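Each chain, letter by letter, is given below.
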Amino acid sequence: MEDVDVAVVGAGPTGLALACELRLAGVSCRVLERRAEEPNLTRAFAVHARTLELLDARGLADELMPHGIAVAAVAPTPGARLDLGQLPSRYPMVLIVPQSGTEQLLATRAVKFGAEIIRGATVTGLTQDADGVRLELDGPDGPDTLRAGYVVGADGAHSTVRRLIGVAFAGRQYQTHILLADVRLDRAPAETLFAASTPDGLVLFVPFGDGWFRAIAWDRRREQVPLTEPVTVTELRSSFRTIAGDDFGMGQPRWSTRFLSERRQAAAYRVGRVFLAGDAAHVHSPIGGQGMNTGIQDAMNLGWKLAADLGGWGPAGLLDSYQAERHPVGAMVLSMTDGLYRLVLARSRLGAAGRRLAIRNLLRVGPLRRQLAGRLSGLGISYPAPAGSHPLAGRRMPDLVDGSGQRLYEALRAGRFVLAGVGAGVGSATVDAAVAVEPWSRRVVPFVAARSAAVPAVVLVRPDGYVAWAGDRADDVELGAALRRWCGPA
């Protein structure tokens, strides 16, 4: 195969989102997928608010919304309701849409932008030097090799790339099997997302929106059943009747499987010119619907950084910041989902009752409720900022509107930095923003918002929607230094 700037291993949501980012920035990339055909096992359904914002920043959220079901509240435990409708976002919800739909949207965009997706290509070897990485492949036409400037392993929990670079995947496996099946119901539950739990386990229904439901069951009574044994409708009905008290007239599944989930994280997200993202970097309990969201957010963080480095203008240490920013996020997600797993699958009835009472009480406390909502939705994720930085630095940038009605997240769709001038600073904010970015016009987009008490006078927003730098006044010297630091020489 011909050389390429970046080889992405894995055509799941993470790999496809990364391919979209790279091609948007003009970086050549090739996606290598071991599956010979496109269909993938749909385990992920939840698209959280922050992921929807990031998709909005690339013009994709409005395309995805009609294919999903918006849910404005979730129940971390029975009797405890978390209202997502109060989230400070254009998308105060969790969107229920099959992973296959999200994948198709991203694949269409990646191909449209010029990414090449090679299916039936398995990585068998990897060596790297100071200038690039050499991949050995078992491709659709036989053995092959590919030379790339960088390689990103987005090839799932059993990542070949992670194994080849010798990165440990520390953690453990959960004991309770997860039963999955697609079924029709004679009596649909009243709740959009139906869930019930007892010390015997947890069951839930996720609607496809076309009359089919994904039935999901963690049944402790079935822990010793071999993973290779087929799931039957009798077994599913028994799990739902025992745990929920009703099987809702569940029909014969059109598809079913059983598997064990894990709680593991890669020790390092970068080794030389090779990076890990998505499930190759972190896997956890599916409770909370975090997996696909965390992977897409990995891709959005890494994509512009690789493009900046390959473009020759990325600041020193930029690629290392991927590990510094995303590894703690992965650890937080593992901790949160493990806590939710223990909460809803407590073996002791007394322990389960105590934990549920505790979470109900916690959700009555405003700051704690907002913190949990921020973690679940992804809106509360922030990155480290240098000492002395503005308090907004490293945090998610809220959406703003300019005088013509354009939103800041629409300005991000070019995949560049955005310099937002807000309100009155030194001189005209409109002139300041436009003039300041002129020497960086290929890397920075000017945006002038109406006065806002929520954000400072001048904000430099990264391509992934996080604040690089902010100032309470339009100081030309400080602003110029920030632009040179983040966006390279003028």
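Quick caveat: nothing in here was measured; it's all calculated off a predicted structure.

**A word on the packing of helix α2 (residues 49–56) against helix α7 (residues 291–310)**
For any two helices packed against each other, the geometry is given by the interaxial angle and the distance between the axes.
Reasoning step 1: Here α2 crosses α7 at 40°, and the two axes come no closer than 9 Å. Between α2 and α7, the interaxial angle falls into the category oblique. Along this stretch, α2 crosses α7, giving a crossing that reads as left-handed. Contact with α2, carried on its side by R50, T51 and L54, involves N293, I296, Q297 and M300 of α7 and no other residues of that element.
Reasoning step 2: Split by residue class, the contact of α2 with α7 holds three nonpolar, three polar and one charged.

**Here's the deal with the layout of surface pockets**
Reasoning step 1: When its volume is computed, the second largest pocket comes out at roughly 620 Å³.
Reasoning step 2: Of all the secondary structure elements, the ones that give two or more residues to the lining of the second largest pocket are β6 (80–83), α8 (320–344) and α10 (366–377).
Reasoning step 3: It is α10 that contributes the most residues to the lining of the second largest pocket, six residues altogether.
Reasoning step 4: Residues belonging to the lining of the second largest pocket are distributed by class as follows: 11 nonpolar, five polar and six charged.

**Details of the sheet that holds strand β15 (residues 201–207)**
Reasoning step 1: Strand order in the open sheet made by the five strands is β14-β15-β16-β13-β17, with antiparallel pairing throughout. Of all strands in the sheet, those with a lone pairing partner are β14 (194–198) and β17 (255–259), marking the two edges. If you compare each strand with its neighbour and ignore which way they point, the axes differ by 15° on average.
Reasoning step 2: Of the pairings in the sheet, the one linking β14 to β15 comprises five bridges and is antiparallel in character. Paired with A196 across the strands is V203, a residue of β15.
Reasoning step 3: Of the strands in this sheet, β13 (178–184), β14, β15, β16 (212–219) and β17 are in contact with helix α6 (residues 233–244), which crosses β15 at around 110°.

**As for empty space enclosed by the protein**
Reasoning step 1: By the definition in use, this model includes three cavities of 30 Å³ or more.
Reasoning step 2: Considering the residues around the largest cavity, the lining is formed by 13 residues, among which C20, E21, R58, L60 and M300 are closest to the centre.
Reasoning step 3: Taken together, the elements giving at least two residues each to the lining of the largest cavity come down to α1 (13–24), α2, α4 (99–112) and α7.
Reasoning step 4: With four residues, α1 is the largest single contributor of residues to the lining of the largest cavity.
Reasoning step 5: A class-by-class count of the residues in the lining of the largest cavity yields 10 nonpolar, no polar and three charged.

**Things to note about the sheet that holds strand β23 (residues 444–449)**
Reasoning step 1: Taken in spatial order, the four strands line up as β23-β22-β24-β25 in an open sheet, and their pairing is mixed. Strands at the two margins of the open sheet, each flanked by one partner only, are β23 and β25 (467–471). Strand-to-strand twist of the sheet, defined as the mean angle between neighbouring strand axes without regard to direction, takes the value 15°.

**Describing the nonpolar core**
Reasoning step 1: By size, the foremost hydrophobic cluster in this structure holds 68 residues, and its most contacted members are V6, L32, L135 and L306.
Reasoning step 2: Among the elements that make up this core, the one with the highest residue count is α7 (seven residues).
Reasoning step 3: In this structure, L135 is in contact with A7, V9, L32, V123, G125, L126, D144, T145, L146 and V151, ignoring residues within four places of it in sequence.
Reasoning step 4: A80, L87, Y174 and L204 belong to the second-largest nonpolar core, a separate cluster that totals 34 residues.

The rules behind these values
Residues numbered from 1 in each chain as written. Predicted model: local features only at pLDDT ≥ 70, side-chain atom pairs only at ≥ 80, totals over all residues. Heavy atoms only, no water. Axes fitted to C-alpha atoms, helices over the stretch in contact; angles between N-to-C directions. Helix = DSSP H or I, 4+ residues; strand = E, 2+ residues; numbered from the N terminus. Parallel < 35°, antiparallel > 145°, perpendicular 65-115°, else oblique. Left-handed = near helix turned anticlockwise from the far one by under 90°. Contact = heavy atoms within 4.5 Å. Nonpolar A, V, L, I, M, F, W, Y, C, P; charged D, E, K, R; others polar. 1 Å grid on protein atoms, 1.4 Å probe; cavity = no way out; pocket = protein on both sides within 12 Å on 5 of 7 lines; lining within 4 Å. Points joined across faces, edges and corners; volume = space filled by probe spheres on them. Pairing = 2+ DSSP bridges. Core = buried A, V, L, I, M, F, W, Y, C linked by side-chain atoms within 4.5 Å. Buried < 20%, exposed > 50% of the residue type's maximum accessible area, 1.4 Å probe, protein only.

From the geometry alone we can't say anything about function, so treat these as descriptive.
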